Amino acid sequence: MPTRILLEGRPGAGKTTALRRLAALLPTRPLTGFTTEEIRQSGARVGFALETLAGRREVLAHVDLPGPPRVGRYGVDLGVMERLALPTLWPAESVGRLVLIDELGRMELACAAFRDAVDALFVAEVDVVATVHTHRDPFTDALRRRADIEVVHLTAANRDVLPEELAARLQQPGTRQGPPAHR
């Protein structure tokens, strides 16, 4: 049975860092997916970049982008989701593949094609680890309620050991073991 994990944490808890460390700890595992990262100018956050695990990077959201959509003060370029994020999710049926998604947040979920791809991915025969905020959202709330999805809470207390614990579980495809010690 595939492993399906939502790595949940508050903003700034270290979800992106944990996901990147997890990827680095699995050098022999076929990985695909993406991470997001803040863009800062003079110490102030002005946007977010999306980077695939293969190294392609573009600005996903920025205060200078017009949108629509707009999420808070950021205009979101949904084309980035279609050009960069979506291709990392398919083909879903790939032997031993692990998909890492950072994150299932408001900016990413503004793309309907991405939501559809994530729905399909979470029923495919691949392992998935995706980060989510602790705030409520109809899409992520529905995922949290599914019996086949494990929610793992990332906190300041466990963020340094959690990537290693998850990597140990994910060394082999589809090996669903007990939850990490720090939930």
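Keep in mind that what you see is a predicted model, and the values were worked out from it rather than measured.

Colleague: Let's hear about the nonpolar core: which residues, and what values?
Modeller: Leu6, Leu89, Ile101, Leu104, Phe114 and Val118 are the most contacted members of the largest nonpolar core, which has 35 residues in total. Element by element, the count of residues in this core is highest for helix α2 (residues 78-89), at six residues. Contacts of Leu104, omitting those with residues within four sequence positions, involve Leu6, Leu109, Phe114, Val118, Ala130, Thr131, Val132, Thr140 and Leu143. In this structure, Leu19, Ala23, Leu100 and Leu166 belong to the second largest nonpolar core, which totals 17 residues.

Colleague: Requested: an account of the pairing of strand β3 (residues 44-52), with residues and values cited.
Modeller: Across eight bridges, the pairing between strand β2 (residues 31-41) and β3 is antiparallel. Each residue of the ladder has a partner; that of Arg40, found in β3, is Arg45. Connecting β2 to the next strand, β3, in antiparallel fashion are two residues, including Ser42 with a positive phi near 55°. Sheet topology places β3 next to strand β4 (residues 57-62); five bridges connect them, and they run antiparallel.

Colleague: Go over the layout of surface pockets, please, and point to the residues and values.
Modeller: The space that makes up the largest pocket amounts to roughly 660 Å³. Contributing to the lining of the largest pocket are 25 residues, with Glu38, Arg45, Phe48, Glu103 and His133 lying nearest its centre. Those elements giving two or more residues to the lining of the largest pocket turn out to be α1 (15-24), β2, β3 and α3 (106-109). The element contributing the most residues to the lining of the largest pocket is α1, with four residues. Grouping the amino acids of the lining of the largest pocket by side-chain chemistry returns seven nonpolar, nine polar and nine charged.

Colleague: So what's going on with the packing of aromatic side chains? Which residues, and what values?
Modeller: With the rule as written, the count across this model stands at two aromatic pairs. Centroid distance Phe48 to Tyr74: 5.4 Å. Interplanar angle 75°. Geometry classified as edge-to-face. On the criterion of sequence distance, the pair formed by Phe48 in strand β3 and Tyr74 in strand β6 (residues 74-76) is long-range, its members being 26 residues apart. With relative accessibility at 16%, the residue Phe48 sits in the buried group.

Colleague: Quick one: what's the story with empty space enclosed by the protein, residue by residue and with numbers?
Modeller: Applying the stated criterion across every chain, the model contains one cavity of 30 Å³ or more. Looking at the largest cavity, its volume works out to about 40 Å³. Lining the largest cavity we find Leu104, Gly105, Arg106, Leu109, Val132, His133, His135, Asp137 and Thr140. Residue assignment for the lining of the largest cavity shows that the elements contributing at least two residues are α3 and β8 (127-133). Residues belonging to the lining of the largest cavity are distributed by class as follows: three nonpolar, four polar and two charged.

Colleague: Give me the lowdown on unusual backbone geometry, citing residues and values where you can.
Modeller: Cis geometry is found at the peptide bond from Gly67 to Pro68, where omega equals -10°. For the bond running from Pro68 to Pro69, omega is -5°, close enough to zero to count as cis. Of note, Pro69 is situated in the loop between β4 and β5 (70-71). For Ser42, which is not a glycine, the phi torsion comes out positive at approximately 55°. By the secondary structure assignment, Ser42 is in the loop between β2 and β3.

Colleague: Can you lay out the packing of α2 against helix α4 (residues 112-121) for me, pointing to particular residues and giving the numbers?
Modeller: At a minimum axis separation of 10 Å, α2 and α4 run at an interaxial angle of 5°. One finds that α2 runs roughly parallel with respect to α4. Residue-level inspection shows Met81, Ala85, Leu86 and Leu89 of α2 in contact with α4, the latter providing Ala113, Phe114, Ala117, Val118 and Leu121.

Colleague: Give me the lowdown on α2, citing residues and values where you can.
Modeller: Between its terminal C-alpha atoms α2 stretches 16 Å, which fits the 16 Å expected from twelve residues at 1.5 Å a residue. Regarding α2, its N-cap is Asp77, as a side-chain oxygen of that residue lies 3.0 Å from the backbone nitrogen of Gly79 further along.

Procedures and definitions
Residues numbered from 1 in each chain as written. Predicted model: local features only at pLDDT ≥ 70, side-chain atom pairs only at ≥ 80, totals over all residues. Heavy atoms only, no water. Core = buried A, V, L, I, M, F, W, Y, C linked by side-chain atoms within 4.5 Å. Buried < 20%, exposed > 50% of the residue type's maximum accessible area, 1.4 Å probe, protein only. Helix = DSSP H or I, 4+ residues; strand = E, 2+ residues; numbered from the N terminus. Contact = heavy atoms within 4.5 Å. Pairing = 2+ DSSP bridges. 1 Å grid on protein atoms, 1.4 Å probe; cavity = no way out; pocket = protein on both sides within 12 Å on 5 of 7 lines; lining within 4 Å. Points joined across faces, edges and corners; volume = space filled by probe spheres on them. Nonpolar A, V, L, I, M, F, W, Y, C, P; charged D, E, K, R; others polar. Phe/Tyr/Trp six-rings, centres within 6.5 Å; stacked < 30°, edge-to-face > 60°. Axes fitted to C-alpha atoms, helices over the stretch in contact; angles between N-to-C directions. Parallel < 35°, antiparallel > 145°, perpendicular 65-115°, else oblique. Expected span 1.5 Å × (residues − 1). Polar contact = N/O pair within 3.5 Å; in protein donor to acceptor, adjacent residues only side chain to side chain.

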